[in-house]
Amino acid sequence: MSNSKKSELAGTDTPDRANTSQKQEQLEQFRSDATGQALRTNQGVKIADNQNTLKAGARGPSLLEDFIMREKITHFDHERIPERIVHARGAGAHGYFQVYECQSELTKAALFQDPGQKTPIFVRFSTVQGPRGSGDTVRDVRGFAIKFYTDEGNWDLVGNNMPVFFIQDAIKFPDFVHAVKPEPHNEIPTGGSAHDTFWDFVSLVPESAHMVLWTMSDRAIPVNFRSIQGFGIHTFRLINAEGKARFVKFHLKPLQGVRSLVWDEAQKLAGKDTDAHRRDLWEAIESGDYPEWEFGVQIVEEEDEHKFEFDLLDPTKIIPEEIVPVTPIGKLVLNRNPDSFFAETEQVAFCPAHIVPGIDFSNDPLLQGRLFSYTDTQISRLGGPNFHEIPINRPLAPNHNGQRDAQHRITIDKGRASYEPNSIDGGWPKETPPGAQDGGFETYHERIDAYKIRERSTSFSDHFSQATLFYNSLSEAEQQHVIDAYSFELGKVERLWIRERQVNEILANIDLELAAKVAANLGLPAPTAPTVPPKKLSIDKSPALSQVNLLSGKIKGFKVAILVADGVNADDVQTIQQALKAEGAHAKVLGPTSAPVQTADGKTLEVDASADGLPSVALDAVFVPGGAEAAKAFASSGTAKHYLYEAYKHLKAIALVGEAKDLLSVLQLDPDAGLLSGSDTKAVQKDFFTAIAQHRVWARIPKIKSIPA
Ligand code: HDE
């Protein structure tokens, strides 16, 4: 595609961009709309019959000559490309990034300078282990990859929803991935880590202890993509125009709060709606409820590099926010769904090596390995080195160089010189001097004076203290979930010695009580002492790590079921619908079937779905309006009772209004801070909304064991 005329002047080739629409305008050139168009072949020939192959007689053999049929089937035969080796399952969306204030002291990167500028972005969320068709709600890490189409080229921040990683050195990545992926002999399990090879590897590799604890925590079963945190994980550098560099960690905090499913809910949802997360993101954006994240940085001065109890280069460590707070510097908004899943979400190609002037790497050995791997994998996944020309991957900044050929080349480069320097094409394209004025990329001048050596720094050898910190920072309920998760996963491990090793050599070094509880659930003796001497950290807890402290306090974006049946009180329904809308929450009216119901005053009420079609596990809270006939129907409906039991078991807020109050005695449930009843909607609304915003009624836990759902 032709790049801006301005690009002919090296150093001034900045796109003219006042708003985010420029990436959309660029994509628009490639979008194709068949409305009102004739069906044609790829060569543009109009097709008269798309139902029948060309044959020798109506019952005769098909003829090779049928170029229309052959073109169609040949294209079909090649429709699949290799899925991503990891992070194969994902969902993406367009949006923008906007900085709050000019950050020129911190970095010269253009996207961080002007609060009036919106930089277009494309984000892809993903799970890691499962293939493209696997469930969304499995226990797994979530990828959070962002492509910023900045004036100075693309910047990719390819992060996860957990702040640390399983390994410290890139050379271990294939081993780790082979261990966690479905086992090679029978390709089981899909989308999960509850199997022998995963636990064999992680129990032998203690550096994984911290990250495995994160994956056994609620973070691994987020309620949706809109409520995950994002972390760049590695330490990066930001560099200002004077050449001053600082270390940074990148953070993304969802404005809708950080929320998770409970395990039973996650498992059921994986079956009832395999696409739960993908659907949630899609529907939120379609409805205009645009997910937002605050973009922040933890900043460490270069001279403070060695002042921490861990190595800044070690990707299995966090910098606790209580030690270095996260400075919010901008926001990320997702406001447009892709038009084509394949063209955009599947073909988007991220790479941590895609950086722009003002951003640079650290020597984290995991990051260093990633810099090579991503482009390499795109070459086999997307079929050659020209994947940057695929519309979703194209930078907004022009890209002239001598790399002209190779498979799938689209650009028609003019000029005879595909080399530099040249004197034939006037010397163009030319190098740009480094520095903020001109914008040529300049690697940070870090002095390195070392022997070549294959060795792990001793500063990387503490594998447990931050795992202990994380465990100590969790609420009681969150800790119990961790115990349950280890017990569930290790319970699926066939080899006893692997279970024992994980309990005795890993968990015992994180927390002896955790180890004892998991051991008890597995029928193993409790370990009595850690195998490595514990390292005491300067802080015992980091409140920033517990999700209990990361709720938004609002119900914006929450999804609430309104159960209805014939005879329902229309006023109750209408009042709660309006109140939810006013708070930015999403109401779903659910009937016994997908057919409309008759209200008590004889009107027809449309429903969004049947209660079967939108199960309680897909929503955050349940509201049951009044109406004598409807209440009776609920009391005798297995589906309705199961709906309420299940929501109750999953600690969700439930409001029963008017005659629906009787369901308390039918279900034999005691009211609590989240199981509310009142004469009409107004009487329960305030407490109901407060309970929804709390996300779960934790105090209900002792009561749910006996619930048959
Ligand atoms: Fe990746 N990773 N990774 N990874 N990763 C890929 O690149 C790799 C790591 C992450 O939505 C692959 O395009 C190595 C850490 C995300 O398209 C591949 C190492 C973090 C995504 C690859 C790591 C990530 C990927 C597969 C260790 C969090 C999905 C397909 C040295 C900071 C991006 C692809 C998307 C994808 C390699 C470790 C995040 C094979 C070698 C640490 C979010 O190149």
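Bear in mind the structure is a predicted one, so any value in this text is a computation, not a measurement.

Draft legend 1. Up close: the sheet that holds strand 11 (residues 559-563). The strand order across the open sheet built from six strands is 15-12-11-16-17-18, with neighbouring strands paired in parallel fashion. Lying at the two open borders of the sheet, with one neighbouring strand each, are strand 15 (609-610) and strand 18 (675-678). As paired elements, strand 17 (residues 653-657) and strand 18 share four bridges and run parallel to each other. The partner of V657 across the bridge, within strand 18, is G678. In the packing of helix 14 (residues 570-582) onto the sheet, the strands contacted are strand 11, strand 12 (586-591), strand 16 (621-624) and strand 17, and the crossing angle to strand 12 comes to about 155°.

Draft legend 2. Quick look at the pairing of strand 8 (residues 292-301). Both strand 7 (residues 245-254) and strand 8 contribute to a ladder of nine bridges, which runs antiparallel. If you follow L252 over to strand 8, its bridge partner there is F295. Examined bridge by bridge, strand 8 and strand 9 (residues 327-336) share six bridges and lie antiparallel to one another. Bridging from a neighbouring strand, V297 pairs with T327 of strand 9.

Draft legend 3. Region of interest: the confidence of the model for the chain. The share of residues in the chain with pLDDT of 70 or more is 97%, and the mean pLDDT across the chain is 95. Within the model, the stretch residues 1-18 combines pLDDT values under 50 with 27 contacts to residues more than four positions away or in other chains. Taken together, the chains of this predicted complex give a pTM of 0.96 and an interface ipTM of 0.98.

Draft legend 4. Up close: the UniProt feature "active site" (unreviewed entry) in the chain. The UniProt record annotates "active site" (unreviewed entry) at H87 and N160. Of the residues just listed, which span 74 residues, no C-alpha pair is farther apart than 10.4 Å, and they cluster in one region. Tracing the chain through its elements places H87 in the loop between helix 2 (67-77) and strand 1 (90-99). Using a count of 22 C-beta atoms within 10 Å as the deciding quantity, one classes H87 as buried. For H87, the contacting residues outside a window of four places in its chain are S126, V128 and G143. Among the residues examined, N160 registers 24 C-beta atoms within 10 Å and is labelled buried. In contact with N160, not counting residues within four places along its chain, are V141, R142, G143, F144, F231 and I233.

Draft legend 5. Focus on the nonpolar core. Ranked by size, the top nonpolar core spans 169 residues in total, and within it V560, I562, L563 and V564 carry the most contacts. Split by domain, the residues of this core number at least three in each of domain 1 (460-543) and domain 2 (559-704). If we skip the residues at most four places from it in the chain, V560 touches L580, A585, H586, A587, L619, D620, A621, F623 and I692.

Draft legend 6. Layout of the environment of T235. By secondary structure assignment, the location of T235 is in the loop between strand 5 (230-231) and strand 6 (236-239). Look at T235 and you get buried, because 24 C-beta atoms sit within 10 Å. The spatial distance from the C-alpha of T235 to the C-alpha of R246 is 9.9 Å, given a sequence separation of eleven residues. With near-sequence residues (within four places) excluded, T235 lies in contact with F247, K249, L312, L313, S362 and D364.

Draft legend 7. Main features of helix 18 (residues 681-693). Compared with the 18 Å implied by 1.5 Å per residue over 13 residues, the 17 Å span of helix 18 between its first and last C-alpha is a close match. Along its length, helix 18 reaches its greatest deviation from straightness, about 30°, at D687. Regarding helix 18, the residues found buried are T681, V684, Q685, F688, F689, A691, I692 and A693. Packed against the buried residues of helix 18 are strand 11, helix 14, strand 16, strand 17 and strand 18.

Definitions and limits used
- Residues numbered from 1 in each chain as written.
- Predicted model: local features only at pLDDT ≥ 70, side-chain atom pairs only at ≥ 80, totals over all residues.
- Pairing = 2+ DSSP bridges.
- Helix = DSSP H or I, 4+ residues; strand = E, 2+ residues; numbered from the N terminus.
- Contact = placed C-beta atoms within 7 Å.
- Axes fitted to C-alpha atoms, helices over the stretch in contact; angles between N-to-C directions.
- pLDDT = per-residue confidence, 0-100.
- UniProt positions renumbered as here; feature names shortened; annotations may be inferred.
- Buried ≥ 20, exposed ≤ 12 C-beta atoms within 10 Å, placed from the backbone.
- Core = buried A, V, L, I, M, F, W, Y, C linked by C-beta atoms within 7 Å.
- Domains from an automatic or database assignment.
- Expected span 1.5 Å × (residues − 1).
- Bend = angle between axes of the 7 residues up to and from the residue.

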